[in-house]
Amino acid sequence: MSLTKAERTIILSMWDKISTQEDAIGTEALERLFTSYPQTKTYFPHFDLRPGSVHLRVHGAKVVAALGDAVKSIDNVAGALAKLSELHAYILRVDPVNFKLLSHCLLVTVASHFPADFTADAHTAWDKFLSIVSCVLTEKYR
């Protein structure tokens with residue numbers, strides 16, 4: 001799967017806005033993940049998972065920063081996320097389905113923060129981009 005030129009343009013232009021709210025978007029996406037899919041909490045036994053906790057804010061910022069790395073390397077997402085893929089597959093052993101769940105939560109969060117920008121075309125572009133990111137993060141499982 002690859003992004004069209006128009007989809008790349010959408011991702012890059014929206015990223016300028018998203019990057020100014022990295023902490024809030026990352027925290028909110030994780031809160032949605034843990035509320036909607038409580039089984040994902042098992043990977044974070046050492047975290048305070050209450051809404052707005054320091055752990056959620058710090059990890060949420062890391063998640064969105066990694067997404068930013070993928071955006072910046074939109075033509076080489078696999079290269080940008082290679083180390084993260086290895087970490088999650090070999091050390092953390094995260095169930096690959098969780099990347100799709102988090103992608104959905106990120107999509108909903110971005111849509112709620114930027115409703116005017118989140119057109120049908122933007123939805124399609126972000127859904128494809130997050131699918132690419134999820135595929136890259138699960139490559140090492142094969």
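Residues numbered from 1 in each chain as written. Predicted model: local features only at pLDDT ≥ 70, side-chain atom pairs only at ≥ 80, totals over all residues. Heavy atoms only, no water.

- If you check an unreviewed UniProt entry, the protein chain appears there as Hemoglobin subunit zeta from Leptonychotes weddellii.
- According to the UniProt record, the Sequence similarities (unreviewed entry) comment for the protein chain reads "Belongs to the globin family."
- Checking UniProt for the protein chain, the heading Subunit (unreviewed entry) contains the comment "Heterotetramer of two alpha chains and two beta chains." (UniProt positions renumbered as here; feature names shortened; annotations may be inferred.)

### Regarding the side chain of Ser134
Right, on to step 1. Position of Ser134 among the secondary structure elements: in helix H7 (residues 120-138).
Right, on to step 2. If near-sequence neighbours (up to four positions away) are discounted, Ser134 is found in contact with Phe99, Lys100 and Ser103. (Helix = DSSP H or I, 4+ residues; strand = E, 2+ residues; numbered from the N terminus. Contact = heavy atoms within 4.5 Å.)

### Details of empty space enclosed by the protein
Right, on to step 1. Per the stated rule, a full pass over the model turns up one cavity of 30 Å³ or more.
Right, on to step 2. What lines the largest cavity is simply Leu67, Leu106, Leu107, Val110, Phe118, Trp126 and Leu130.
Right, on to step 3. Every element with two or more residues in the lining of the largest cavity is listed here: helix H6 (97-113) and H7.
Right, on to step 4. Counting residues per element, the lining of the largest cavity draws most heavily on H6, at three residues.
Right, on to step 5. Within the lining of the largest cavity, the residues separate by chemical class into seven nonpolar, no polar and no charged. (1 Å grid on protein atoms, 1.4 Å probe; cavity = no way out; pocket = protein on both sides within 12 Å on 5 of 7 lines; lining within 4 Å. Points joined across faces, edges and corners; volume = space filled by probe spheres on them. Nonpolar A, V, L, I, M, F, W, Y, C, P; charged D, E, K, R; others polar.)

### Some words on the packing of helix H1 (residues 5-18) against H7
Right, on to step 1. Here H1 crosses H7 at 90°, and the two axes come no closer than 9 Å. With respect to each other, H1 and H7 are oriented roughly perpendicular. Each of Glu7, Ile10, Ile11, Met14, Trp15 and Ile18 in H1 lies in contact with H7, whose residues at this interface are Asp121, Ala122, Thr124, Ala125, Trp126, Lys128 and Phe129.
Right, on to step 2. Broken down by class, the residue content of the contact of H1 with H7 amounts to nine nonpolar, one polar and three charged. (Axes fitted to C-alpha atoms, helices over the stretch in contact; angles between N-to-C directions. Parallel < 35°, antiparallel > 145°, perpendicular 65-115°, else oblique.)

### What to know about H1
Right, on to step 1. In this model H1 runs 20 Å from its N-terminal to its C-terminal C-alpha over 14 residues, within 8% of the 20 Å that 1.5 Å per residue would give.
Right, on to step 2. Turning to H1, the residues buried within the fold contact helix H2 (22-36), helix H3 (54-72), H6 and H7. (Expected span 1.5 Å × (residues − 1).)

### Quick notes on the state of the cysteines
Right, on to step 1. One pass over the full model with this rule turns up zero disulfides.
Right, on to step 2. The thiol sulfur of Cys105 is not disulfide-bonded, and the nearest other cysteine sulfur, from Cys135, lies at 17 Å.
Right, on to step 3. Overall, the relative accessible area of 38% leaves Cys135 in the partly exposed class. (Disulfide = S-S within 2.5 Å. Buried < 20%, exposed > 50% of the residue type's maximum accessible area, 1.4 Å probe, protein only.)

### With respect to the side chain of Glu7
Right, on to step 1. With respect to the element layout, Glu7 can be found in helix H1.
Right, on to step 2. Within the local environment of Glu7, its side chain forms a polar contact with the backbone nitrogen of Thr4, the two atoms lying 2.8 Å apart.
Right, on to step 3. Residues contacting Glu7, with those up to four places away along its chain left out, are Ser2, Thr124, Ala125 and Lys128. (Polar contact = N/O pair within 3.5 Å; in protein donor to acceptor, adjacent residues only side chain to side chain.)

### Observations regarding the environment of Met1
Right, on to step 1. Within the secondary structure, Met1 sits in the segment before H1.
Right, on to step 2. Linking Met1 and Val133, residues 132 residues apart in sequence, is a C-alpha distance of 11 Å.
Right, on to step 3. If near-sequence neighbours (up to four positions away) are discounted, Met1 is found in contact with Lys128, Ser131 and Ile132.

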